[in-house]
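# Notes for the structure review
So the chains spell out like this:
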Amino acid sequence: MEVLAALNLGDFAQAFTKVGLFPVFDLAYYIVSILYLKYEPGSVEVSRRSPVASWLCAMLYCFGSYIVADILLGGSPLDYFQHNSHILLASAVWYLIFYCPLNLFYKCVAFLPVKLVLVALKEVVRARKIAAGVHHAHHAYHHGFFIMVIIGYVKGSGVALISNFEQLLRGVWRPETNEILNMSFPTKASLYGAILFTLQEAHWLPVSKSTLILIFTLFMATTKVWMTARHSHGSPFALIESWVCHLLFGSPLGSEDNHHHHPPAAAPSSPLKTKEELSDGTRKRKAKKAE
Amino acid sequence: MEVLAALNLGDFAQAFTKVGLFPVFDLAYYIVSILYLKYEPGSVEVSRRSPVASWLCAMLYCFGSYIVADILLGGSPLDYFQHNSHILLASAVWYLIFYCPLNLFYKCVAFLPVKLVLVALKEVVRARKIAAGVHHAHHAYHHGFFIMVIIGYVKGSGVALISNFEQLLRGVWRPETNEILNMSFPTKASLYGAILFTLQEAHWLPVSKSTLILIFTLFMATTKVWMTARHSHGSPFALIESWVCHLLFGSPLGSEDNHHHHPPAAAPSSPLKTKEELSDGTRKRKAKKAE
Amino acid sequence: MEVLAALNLGDFAQAFTKVGLFPVFDLAYYIVSILYLKYEPGSVEVSRRSPVASWLCAMLYCFGSYIVADILLGGSPLDYFQHNSHILLASAVWYLIFYCPLNLFYKCVAFLPVKLVLVALKEVVRARKIAAGVHHAHHAYHHGFFIMVIIGYVKGSGVALISNFEQLLRGVWRPETNEILNMSFPTKASLYGAILFTLQEAHWLPVSKSTLILIFTLFMATTKVWMTARHSHGSPFALIESWVCHLLFGSPLGSEDNHHHHPPAAAPSSPLKTKEELSDGTRKRKAKKAE
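Residues numbered from 1 in each chain as written. Chains lettered and ligands numbered in written order. Predicted model: local features only at pLDDT ≥ 70, side-chain atom pairs only at ≥ 80, totals over all residues. Heavy atoms only, no water.

## Remarks on the confidence of the model for chain A
Note the following rule: Across the chain, each position has a pLDDT score giving the predictor's confidence in that residue, from 0 to 100. The criterion used for residue contact is that any of the two residues' heavy atoms lie within 4.5 Å.
Per-residue confidence for chain A gives a mean pLDDT of 87, with 85% of residues at or over 70. Here residues 255–284 of chain A is modelled with pLDDT under 50, and outside its nearest four sequence neighbours on either side it reaches 43 contacts, counting other chains as well.

Okay, here's the thing in structure tokens:
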């Protein structure tokens, strides 16, 4: 019975990893990414003042992971821009989200039930990207385990890792923080995912790649949907991390919880909060005000 | 008769695009570029304090377009530095402009009639660079139309697109603006030129490349000479852009004109003005003070 | 007699350049580099708050020269990360320096006699890196003398040239200075060394490469040990530089000496001092306070 179950899970996982991402999943990825761009304070003004800068930011939000990974592997940062259909689709989404009359498109996709579906679809793309990144790096450097982890990490985190420079494009400069100093949940999950996929690629993890993709996708999708629905920014890793960091790096215990329970300590320097730490509620209100 | 005229124009255009740029046109390009560097506030102090930093900035001003285009196509940013004669010529210009006794060289080339000729010659180089950039990108990515436009744009704009980082080298940091947020006339013209050359390369424009180079060169040279002579920074595209941006992106009509007519609104935050927006008169006065 | 002496020196130099750097010399390089990272204000807090950011900074300190040189030659910045043993060794040093119980490891390696030996060993690595960088660039660009100098310079200077961006990773941004505007002694020595090695590679210097490596190593090791022992940051080049810069670039004579003798002039803007200009004594005290 168990063997059968395992076989079925394996078959299902393999079928799942063979589903094409373009256009449905990619479309969801572009919509959610550019939605996050619109939540950024000041991005609506930039879209009025300089459509070129706004379009470039939108492209960084959609294709940042490809751009950074290509740079890190010594390729052309523009390599992905040869896929005209992807660029055109992302550009159409950017246009509809920022310039659609009556803000109709934005209102539709930011409507919570719709958004939850899109967020879930986006996580399917993220899991695949991490796996593809690790695989690509493995192809280039057979024993470069550090390179595999870094490329998988970058492919999963996307624009977050270069958010300082993406903001600079919009005239915003917040040097006192960055995504590596204050990792948000998706960035952390991408790092752990990249480590898992690297272990799998090195055959140190007794599980097939498609099963790992399926499990990681399910974990990410449920967690992100749950967090989006509850406007939460807590991390399911907080407790384990707190203990591990205490043991390994002597970090004070429960520092992260304190950080969340006593916001006044961090509040005066609000730019310290990264974009994904802000609850969606706050961001939406800001985005509405900006219009 | 018309056919004959067309033939003659075509022949002339082809002859024109076969004229070698080195050394006359390149020399004019280096002189005008490093002249703009000397107009930058603080650059004379930097040339006294750290000749290495000043030389690097001068190289970015002269070869920035090659460096950025090489990075974007995944090549070596230093690739162009293998042309020792070009580097030596640009270095000689840098030395003469910054350290010539009695500031003689600077006074000669900044003398308006001389400068107008040099500015016109510089635009010949710009037009060729855009065409070469689009052609190079077309060679690497046959259907990468976005890549062609971006590479042409970068080749035409040169150091302007990385001015934030060029300033950083001189210890200046102005994150609140950049050349994409506030495009100057040459940057805009490079973008439109890159789009035209891409359309030509894709055979969607019924005109030969040499004719397009000739027309674009004539347009740029006359406009820039006119603007330099009148110390103007208005853009001939302003009216059309204003209407197109209003229709497509909902930008308020005539915003750019207001920006120019009511400077007090922008005046308190003077760093918002990009270097090419400042009239040459102001810059010259600043450069003189600095000495 | 003299011929014999020359032969012996040549033999010794050749034997010296054949000694493997891994693991002893590399270990010393990693220890001294990460020691300098710990001296940086705020780096201990970062190591507690975000071990990932701290590890990345440590890697930049250890492998920054490879990363920048790979970028400049159009390769993958992660290329060196395929050497797992080097990365693991550097990571172990990072862990021991930042998280060793009772700070034991730090106290051992920061103990002056130990440190002097490590500093001397580090300079052996620096000299070899410059020679290897120039040789590598020569292989890629046979007549690219500027490229050879730049790559040798970058290989010798390491993280210093990208210190602005390394600091940004730790949430620190000091745009008013950089290593090119205010070159420290090792950076200057790397530049002069890169020029010498380029002249040697172009056969304009009548000396074998191994002899040049030996002489440069001896010069650097004695100078750095002397400077570390005396907590000094003066440069042995100051006098010659002052005269050459006065003649060539019109810099005011003796400006550098004044800078050192009358610190009040520079004191209010303390961030202007680069990290290697601060005496080790000051840094140690700061590092101790931070714990």
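The discussion continues.
## Section: the relation of the copies chain B and chain C
Quick note on the threshold: Our superposition of the copies is a least-squares fit, built on the C-alpha atoms of residues whose pLDDT is at least 70 in both.
Once turned by 120° and shifted 0.0 Å along the axis, chain B lies on chain C with an RMSD of 0.0 Å. The relationship between the two copies is best expressed as a three-fold rotation axis. Taking C-alpha positions as reference, the residue of chain B nearest the rotation axis is glycine 74 of chain B, located at 3.7 Å. In this assembly the copies use different faces: only 10% of the residues contributing to the interface of chain B also contribute to that of chain C.

## So, the packing of helix α2 (residues 24–39) of chain C against helix α5 (residues 84–99) of chain C
Residue and element names in this part refer to chain C. Here is the rule: Think of each axis as a best-fit line through the C-alpha atoms, taken over the contacting stretch in the case of a helix, with angles from 0 to 180 degrees between the N-to-C directions. Here a strand is any run of E in DSSP of at least two residues, a helix any run of H or I of at least four, and the numbering for each starts at the N terminus. The labels follow the angle: roughly parallel below 35 degrees, roughly antiparallel above 145, roughly perpendicular from 65 to 115, and oblique for the rest. Whether a crossing is left-handed or right-handed is set by the direction in which the near helix is turned from the far one by less than a right angle, anticlockwise for left-handed and clockwise for right-handed. Polar here means any residue outside two lists: the nonpolar Ala, Val, Leu, Ile, Met, Phe, Trp, Tyr, Cys and Pro, and the charged Asp, Glu, Lys and Arg; Gly therefore counts as polar.
Axis separation between α2 and α5 bottoms out at 9 Å; the angle between their running directions is 40°. Taken together, α2 and α5 sit at an angle that is classed as oblique. By crossing handedness, the relation of α2 to α5 is classed as right-handed. Residues Asp26, Leu27, Tyr30, Ile31, Ile34, Leu35, Leu37 and Lys38 of α2 form the contact with α5, whose participating residues are His86, Leu89, Ala90, Val93, Trp94, Ile97 and Phe98. Partitioned by chemical class, the residues of the contact of α2 with α5 number 12 nonpolar, 1 polar and 2 charged.

## Considerations on the relation of the copies chain A and chain B
Relative to chain B, chain A is turned by 120° and slid 0.0 Å along the rotation axis, the superposed coordinates differing by an RMSD of 0.0 Å. Looking at the interface residues of chain A, only 10% of them are also at the interface in chain B, so each copy uses its own face.

## What to know about the nonpolar core
The following threshold applies: As used in this record, nonpolar core signifies buried Ala, Val, Leu, Ile, Met, Phe, Trp, Tyr and Cys residues forming a set joined through side-chain atoms within 4.5 Å. For each residue, the accessible area found with a 1.4 Å probe, counting protein chains only, is set against the maximum for its type, and the residue is called buried under 20%, exposed over 50%, and partly exposed in between.
With 240 residues, the main nonpolar core has Phe63 and Phe81 of chain A, Phe63 and Phe81 of chain B together with Phe63, Phe81 and Ile97 of chain C as its most contacted residues. Other than its neighbours up to four places away in sequence, phenylalanine 81 of chain C contacts Phe146, Ile147 and Ile150 of chain A together with Trp55, Met59, Ile67 and Ile87 of chain C. Core analysis: the second largest hydrophobic core is formed by 6 residues, Leu168 of chain A, Leu168 and Trp173 of chain B together with Trp173 of chain C among them.

## Points about unusual backbone geometry
The omega angle of the peptide bond from phenylalanine 22 of chain A to proline 23 of chain A is 0°, so this bond is cis rather than trans. Position of proline 23 of chain A relative to the elements: it lies in the loop between α1 (2–18) and α2 (24–39). Residue asparagine 103 of chain C is not a glycine yet carries a positive backbone phi of 60°.

## Description of the interface of chain A and chain B
Here is the rule: Once two parts are put together, the accessible area they lose, assessed with a 1.4 Å probe and summed over both, is termed the buried area.
The partner chain B presents 27 residues to the 30 residues of chain A that form the contact. Buried area between chain A and chain B, summed over both chains or domains, comes out near 2300 Å², and the portion from carbon and sulfur atoms is 69%. When residues of the side of chain A that touches chain B are traced back to their parent elements, those giving at least two are α3 (43–49), α4 (51–72), α5 (84–99) and α9 (163–169) of chain A. Here the side of chain A that touches chain B gets 6 residues from one element, more than from any other, and that element is α5 of chain A. Among the residues making up the side of chain A that touches chain B, the classes are represented as 19 nonpolar, 7 polar and 4 charged.

## Looking at the environment of serine 208 of chain B
Residue and element names in this part refer to chain B. To be explicit about the condition: Whenever a nitrogen or oxygen atom comes within 3.5 Å of another N or O atom, the pair is scored as a polar contact, on the condition that within protein one atom can donate a hydrogen and the other can accept it, and that pairs from neighbouring residues in sequence are kept only if both atoms are in side chains.
Structurally, serine 208 can be placed in the loop between α10 (185–201) and α11 (209–229). According to the relative accessible area criterion, serine 208 is partly exposed, its value standing at 35%. In sequence terms serine 208 and methionine 183 are 25 residues apart; their C-alpha atoms lie 29 Å from each other. At 2.7 Å, the side chain of serine 208 forms a polar contact with the side chain of threonine 211.

## Thoughts on the interface of chain B and chain C
This is how the line gets drawn: Salt bridge criterion: a side-chain nitrogen from Lys or Arg within 4 Å of a carboxyl oxygen from Asp or Glu.
With 31 residues of chain B at the interface, the matching set in chain C holds 27 residues. Summed over both partners, the interface of chain B with chain C comes to about 2300 Å²; 69% of that surface belongs to carbon and sulfur atoms. Here chain B and chain C share 0 salt bridges between them. In this structure, the connection of chain B to chain C is made through 8 residue pairs in polar contact (both at pLDDT 80 or more). When residues of the side of chain B that touches chain C are traced back to their parent elements, those giving at least two are α3 (43–49), α4 (51–72), α5 (84–99) and α9 (163–169) of chain B. By residue number, the principal contributor to the side of chain B that touches chain C is α5 of chain B, which donates 6 residues.

## So, the side chain of histidine 86 of chain B
Residue and element names in this part refer to chain B. Mapped onto the elements, histidine 86 comes out in helix α5. Judged by its relative accessible area of 13%, histidine 86 falls in the buried class. Excluding anything up to four places from it in sequence, histidine 86 contacts Phe22, Asp26, Tyr30, Phe63 and Tyr80.

## A look at the state of the cysteines
Filter applied, for reference: Disulfides are defined as cysteine sulfur pairs within 2.5 Å.
If you walk through the whole model with that rule in mind, you get 0 disulfides over all chains. Cysteine cysteine 57 of chain A remains unbridged, with the sulfur of cysteine 62 of chain A as its closest cysteine sulfur at 11 Å. Unpaired in this structure, cysteine 100 of chain C has its nearest cysteine sulfur neighbour in cysteine 108 of chain C, at a distance of 8.1 Å.

## Observations concerning the UniProt feature "transmembrane region" (unreviewed entry) in chain A
All names here are of chain A. Put simply, the rule reads: UniProt positions are given in the numbering used here, feature names are shortened, and annotations may be inferred rather than shown by experiment.
What UniProt calls "transmembrane region" (unreviewed entry) maps, in this numbering, to residues 20–39, 51–73, 93–119 and 140–160. Each end of residues 51–73 is marked by a C-alpha atom, and these two atoms are 30 Å apart; helix forms 96% of the span and strand 0%. Taken end to end, residues 93–119 comprises 78% helix and 0% strand; its first and last C-alpha atoms sit 15 Å apart.

## Quick look at the pattern of salt bridges
Residues and elements named next belong to chain C. Applying the stated criterion across every chain yields a total of 15 salt bridges over all chains. Note that arginine 170 and glutamate 40 form a salt bridge whose closest N and O atoms lie 3.1 Å from each other. In this pair, arginine 170 is assigned in the loop between α9 (163–169) and α10 (185–201) and glutamate 40 in the loop between α2 and α3 (43–49), connecting sequence segments 130 residues apart. Judged by relative accessible area, which is 6%, arginine 170 ranks as buried. The closest approach of N and O atoms between arginine 126 and glutamate 123, which form a salt bridge, is 2.8 Å. With arginine 126 and glutamate 123 both in helix α7 (residues 112–140) and 3 residues apart, the pair spans about one turn of that helix.

## Concerning the packing of α4 of chain A against helix α8 (residues 145–157) of chain A
All names here are of chain A. Close contact between α4 and α8 brings their axes to 8 Å; oriented N to C, the two are set at 160°. Taken together, the axes of α4 and α8 lie roughly antiparallel to each other. Crossing handedness for the pair α4 and α8: right-handed. Of α8, the residues touching α4 (which contributes Ser65, Tyr66, Val68, Ala69 and Leu72) are Ile150, Ile151, Val154 and Lys155. Classifying every residue of the contact of α4 with α8 gives 7 nonpolar, 1 polar and 1 charged.

## Examining helix α10 (residues 185–201) of chain A
Note that an α-helix has 3.6 residues per turn; residues three or four places apart therefore point the same way. All names here are of chain A. Filter applied, for reference: Each helix should span, by expectation, one fewer than its residue count multiplied by 1.5 Å.
Here α10 spans 24 Å end to end across 17 residues, near enough to the 24 Å set by a 1.5 Å rise per residue. Of all 17 residues in α10, 13 are buried, a share of seventy percent or more. Trailing α10 by a residue or two, histidine 203 shows a phi angle of about 60°, which is positive.

## Let's talk about the packing of aromatic side chains
Cut-off, in case you're wondering: What counts as a ring pair is set by centres within 6.5 Å for rings of Phe, Tyr and Trp (its six-membered ring), and what kind of pair is set by the plane angle: stacked under 30 degrees, edge-to-face over 60, tilted for all other angles. Distance and angle both matter: a charge sits over a ring if NZ of Lys or CZ of Arg is within 6 Å of the ring centre and within 35 degrees of the ring normal.
For the structure shown, the criterion picks out 66 aromatic pairs over all chains. For the pair tryptophan 173 of chain A and tryptophan 173 of chain B, a centre-to-centre distance of 4.9 Å together with 65° between the ring planes defines the contact as edge-to-face. Taken together, the positions of tryptophan 173 of chain A in the loop between α9 and α10 and tryptophan 173 of chain B in the loop between α9 and α10 put the pair across two chains. The residues tryptophan 173 of chain A and tryptophan 173 of chain B share a single accessibility class, namely buried. Ring-pair connections join several aromatic residues into one group, and the members of that group are Phe165 and Trp173 of chain A, Phe165 and Trp173 of chain B together with Phe165 and Trp173 of chain C. Note that lysine 38 of chain A overlies the ring of tyrosine 106 of chain A, its terminal NZ or CZ placed 4.5 Å from the centroid.

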